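What follows is each chain in one-letter form.
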Amino acid sequence: MRAVCDTSHMTLKMIGFDGDDTLWRSEDYFAQAQTTFESIVAPYVDLRGDALHQRLYAVEKRNIAVFGYGVKGMALSMIETAIEITDARIAATDIHRIVQLAQSMLQHPVELLPGIREAVERVASRWPVVLITKGDLFHQEAKVRDSGLADLFHRIEIVSEKDVGTYSRLLEEFGIDASQFAMVGNALRSDIAPVVRLGGYGVHIPYHLTWVHEREADVAEPSRMRTLAHANGLYDVLDEIERGMTGTGTRPEPDPAHRGN
């Protein structure tokens, strides 16, 4: 009797996507806000450029465990930084300007990155896709809603942190092994390194701006990571990963009936 080799475990079962700066623009607005913040505090202190950025980042970093990620956490850290570096001399009107800055960011329209809808649709035609994003719950929910992409995703997960523990929990809920999962994102720290450490795959699509906190990462097995300049090559890279897993040169055609949701 001829033995049958089960290769079902050697295929990708699900593809995860990050949100901010992978599907839509985000860091641009944070960078603009930081420039505006610098102009607000400039009359009070002799700090500019990297020196001011480092002071703000130090406060943001220590506040992550308290405020979490996103615009609201950044705004509170800006206020705290402004009070600290001015020895509490900053006027209430300038504190109000920082609050208004945060409000404008929270109300900014969602702008999809070029080619991303087409890329996600093509991937979703073959594999179930999930969105795994972190940040303020209300703001992320609004971004997902306004992006027009929600119907493409099998599941949408908004989490407070994206680390090994979070991905391990989610993969258990999805019912798949890490080796059957690939994560697509711009941030090495949040999107790629934890998944690779678990034994999955990462597709890194760098954004032209990345918060310094998200660049602090060591990818344990670089061979399990691919890097792309543009999302339009995503399907082919995922196909390459899967063919490498199965050891076959066959390229399956997308199933038009599968939408991943």
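Let us look at the structure shown here.

Rules of the game
- Residue numbers restart at each chain and count upward from 1, following the sequence in its written direction.
- At least 70 in pLDDT is required for a residue's local features to be given in this predicted model, at least 80 for side-chain atom pairs to be given and counted, and no such filter applies to totals for whole chains, interfaces and linings, which use all residues.
- For the side-chain quantities, the full set of heavy atoms in the structure was used; hydrogens and water were omitted.
- To qualify as a helix, a DSSP run of H or I must reach at least 4 residues; to qualify as a strand, a run of E must reach at least 2; elements of each kind are numbered from the N terminus.
- Every residue pair with non-hydrogen atoms within 4.5 Å of one another is taken to be in contact.
- Only protein chains enter the accessibility calculation, which uses a 1.4 Å probe. A residue is then buried if its area is under 20% of the maximum for its type, exposed if over 50%, and partly exposed in between.
- In summary, the pairing rule links any two rings of Phe, Tyr or Trp, Trp by its six-membered ring, whose centres are within 6.5 Å, and it sorts them by plane angle into stacked for under 30 degrees, edge-to-face for over 60 and tilted for everything else.

## Here we look at the environment of Phe 67
- Relative to the helices and strands, Phe 67 is located in helix H2 (residues 49-67).
- Along the chain, Phe 67 and Asp 136 lie 69 residues apart, while their C-alpha atoms are 9.1 Å from each other.
- Residues within four places of Phe 67 in sequence aside, it is in contact with Gly 73, Leu 76 and Ser 77.

## Some points on the environment of Arg 117
- Relative to the assigned elements, Arg 117 resides in helix H5 (residues 116-124).
- Classification of Arg 117 by relative accessible area gives partly exposed; the value is 26%.
- Sequence separation between Arg 117 and Gly 148 is 31 residues; the distance between their C-alpha atoms is 8.9 Å.
- Non-local contacts of Arg 117, meaning those with residues more than four positions away in its chain, are made with Gly 148, Leu 149 and Leu 152.

## Re the packing of aromatic side chains
- All chains considered together, the criterion is met by 2 aromatic pairs.
- Ring centres 6.1 Å apart and planes at 70° place the aromatic pair Phe 17 and Phe 153 in the edge-to-face group. Note that Phe 17 is positioned in strand S1 (residues 14-17) and Phe 153 in the loop between helix H6 (137-147) and strand S3 (155-159), a separation of 136 residues in sequence. Both residues of the pair, Phe 17 and Phe 153, count as buried.
- Here Trp 127 and Tyr 235 contribute two aromatic rings whose centre-to-centre distance is 5.6 Å and whose plane-to-plane angle is 50°, an arrangement assigned as tilted. In this pair, Trp 127 sits in the loop between H5 and strand S2 (129-134) while Tyr 235 sits in helix H10 (residues 234-246), placing the two residues 108 residues apart along the sequence.

## Regarding unusual backbone geometry
- The backbone phi angle of Asp 87 is positive, close to 55°, even though this residue is not glycine.
- Summarising the element assignment, Asp 87 is placed in the loop between helix H3 (71-85) and helix H4 (92-106).
- Although it is not a glycine, Ala 88 sits at a positive phi angle of roughly 65°.
- Checked against the element boundaries, Ala 88 lands in the loop between H3 and H4.

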